[in-house]
Amino acid sequence: MIVVLKPNISKKDESAVTKEIRKLGYIPHVMRGVERTVIGAIGDERTHHTLETLTAWPQVESVMPVQKRYKLVSRDAHKGNSTVKVNDRVTLGGKKFHVMAGPCSVESEKQLMTTATAVAKAGATILRGGAFKPRTSPYEFQGLGEKGLKMLDKARRETGLAVITELLSEDHAEMVGEYTDIIQIGARNAQNFQLLIAAAKTGKPVLLKRGLSMRIEEWLLAGEYIVANENPNLMFCERGIRTFETYTRNTLDLSTIPIIKKESHCPIIIDPSQGAGRADLVVAMCKGAAAMGADSLLIEVHPNPAEAWSDGAQQLSIEGFAKLMQELEPFVAASGREVAWK
Ligand code: PEP
Ligand code: MN
C-alpha cells in the first residue's frame, strides 16, 4: 500500500505512522520529497490487516492499495484458461463452444420436455430452467421447487443434456446439488456470501451471475468466495447491469468479456436474455458475445413465449433458437473456437 502524508509533517508524526505500519505487519519504506513524504508499505495486502484505518489519522492524506484484492480467481494464480468439466460430453472454457438453453422457469413436464428435446436437436448441450425463481414481487410465480428439479432430472436422463438451475437458499444447497450439473447463483444473490459458500461446498460447478449494480471487482471477489471454498469450477456470467437506459431491461456489458479474460482464468458466459430483456435483440447479442470470446451463452427458450409464466418478452421461440444456432458458427470461429454441435 502507498501511504501519502500531509505536507510538512513533523518527524514525530511521521514515525508514529511508520510504527503503526510495522505493527500491522508491513515493512515501511519512507520516500521524502520536498514538501511531502510518501511511505510504501511492503507486505501482502490480502493476508495482512488493511492499512485503510490510517486514513483517519490527522497526518495522513490518503492510503492507496497497489495489489488486487482477489487472488485465486486472478490470472496471476493460473496463467492458462481454466476449463470446467460439466459431464463426459461437456467441458466449458475450452476449444468447443457449448450453448445452454431452456425456459426461464420450469412450468410443466410438457413445457420442459418440449423445450429440452428441441434445444438438444438444435445443438444445445446444457438445459437451463429455474425451479426456484427470484421474483421481484411475491405475487409472481415462484417456481415449482423440488417438483421442477425432478422434471429437470427427467429431462436430463431422457435427452442426455446437462442441467443448470438456480440455487436460491442455503437450505436447498444439498437438494439442488443432487439434481443439477451446474449451480446458478442469480444476480440478486451474487453477494449473498453464505449462499456462495454453500454453493461451493456442493462441489458442483458454479455459474455466478453479475449482480444488478455490481462492479467487476466486487464480482471477482464474490467469485473468490467460491474458489477459496475449495471449488475451482467457477464461471462468471454477465447478464446486464442496471443503468438509466429504458430501451433494454438491463445494459448487457460485453466489455466484461475481455476484462474477465484479462483479470481471471475462469470462463465467462453471456446471458443475453436477462441482459437485453427483449427477444428481438438476443440473436445480435449472442453473435457479438461469441465473436468477442465468451465461453458460452445462456439463452432463454420457450415453446410459447407469449404464454410464459416468467420473462415472456425475452425468451426465444424454438424456431428462433434453431435459426440462431445455425447462424452462430462464423461468430464462434471468429474467436478461435469450434461449435460443439457440428
Ligand atoms: C434467470 O436466469 O432466469 C434469472 C432470474 O437470472 P438473473 O439472476 O440474472 O436475473
Ligand atoms: Mn429469466
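Provided above is the structure to which this section pertains.
Fair warning: this is a prediction, and the values are worked out from it, not measured in the lab. (Residues numbered from 1 in each chain as written. Chains lettered and ligands numbered in written order. Predicted model: local features only at pLDDT ≥ 70, side-chain atom pairs only at ≥ 80, totals over all residues. Heavy atoms only, no water.)

## A short note on the coordination of the manganese ion (ligand 2)
Donor atoms from the polypeptide that bind the manganese ion (ligand 2) are Cys104 (SG), Glu300 (OE) and Asp311 (OD), placed at 2.0 to 2.4 Å. Of note, the donors binding the manganese ion (ligand 2) are all from one chain and are spaced C-x195-E-x10-D. Residue cysteine 104 is located in the loop between β7 (96-102) and α2 (109-122), and its partner glutamate 300 is located in strand β14 (residues 296-300); the two are separated by 196 residues in the primary sequence. Using a relative accessible area of 1% as the deciding quantity, one classes glutamate 300 as buried. (Donors = N, O, S within 2.8 Å, 3.2 Å for Na, K, Ca; no water. Helix = DSSP H or I, 4+ residues; strand = E, 2+ residues; numbered from the N terminus. Buried < 20%, exposed > 50% of the residue type's maximum accessible area, 1.4 Å probe, protein only.)

## Observations concerning the site of ligand 1
The environment of ligand 1 is formed by 13 residues, the closest being Arg128, Ala187, Arg188, Lys209 and Arg239. Separating an oxygen atom of ligand 1 from a side-chain N or O atom of arginine 188 is a distance of 2.9 Å. Between an oxygen atom of ligand 1 and a side-chain N or O atom of arginine 239, the distance comes to 2.6 Å. Coverage of ligand 1 by the protein amounts to 97% of the 300 Å² it exposes when considered alone. Residue composition of the shell around ligand 1, grouped by class: three nonpolar, three polar and seven charged. (Near = heavy atom within 4 Å. Polar contact = N/O pair within 3.5 Å; in protein donor to acceptor, adjacent residues only side chain to side chain. Areas by Shrake-Rupley, 256 points an atom, 1.4 Å probe, with all protein chains shown as cover. Nonpolar A, V, L, I, M, F, W, Y, C, P; charged D, E, K, R; others polar.)

## Here we look at the packing of aromatic side chains
Within the structure shown, the criterion is met by three aromatic pairs. Ring centres of phenylalanine 141 and tryptophan 309 lie 4.9 Å apart, and the angle between their planes is 90°; this geometry places the pair in the edge-to-face category. One end of the pair, phenylalanine 141, is in the loop between β8 (126-128) and α3 (146-159); the other, tryptophan 309, is in the loop between β14 and α10 (318-327), and 168 residues separate them in sequence. (Phe/Tyr/Trp six-rings, centres within 6.5 Å; stacked < 30°, edge-to-face > 60°.)

## Quick word on the sheet that holds strand β1 (residues 2-5)
Read from one edge to the other, the open sheet built from four strands follows the order β2-β3-β1-β4, with strand pairing classed as antiparallel. What marks the edges here is a single partner per strand, and that holds for β2 (27-32) and β4 (60-64). Across the sheet, the axes of successive neighbouring strands diverge by a mean angle of 20°, strand direction being ignored. Across the sheet, helix α1 (residues 11-23) touches β1, β2, β3 (37-42) and β4, and the angle it forms with β2 is around 150°. (Pairing = 2+ DSSP bridges. Axes fitted to C-alpha atoms, helices over the stretch in contact; angles between N-to-C directions. Contact = heavy atoms within 4.5 Å.)

## A look at the side chain of histidine 302
Structurally, the position occupied by histidine 302 is in the loop between β14 and α10. Classification of histidine 302 by relative accessible area gives buried; the value is 3%. Among the polar contacts listed, one links the side chain of histidine 302 to the side chain of glutamate 107, at a separation of 3.0 Å. A distance of 2.8 Å separates a polar side-chain atom of histidine 302 from the backbone nitrogen of asparagine 304.

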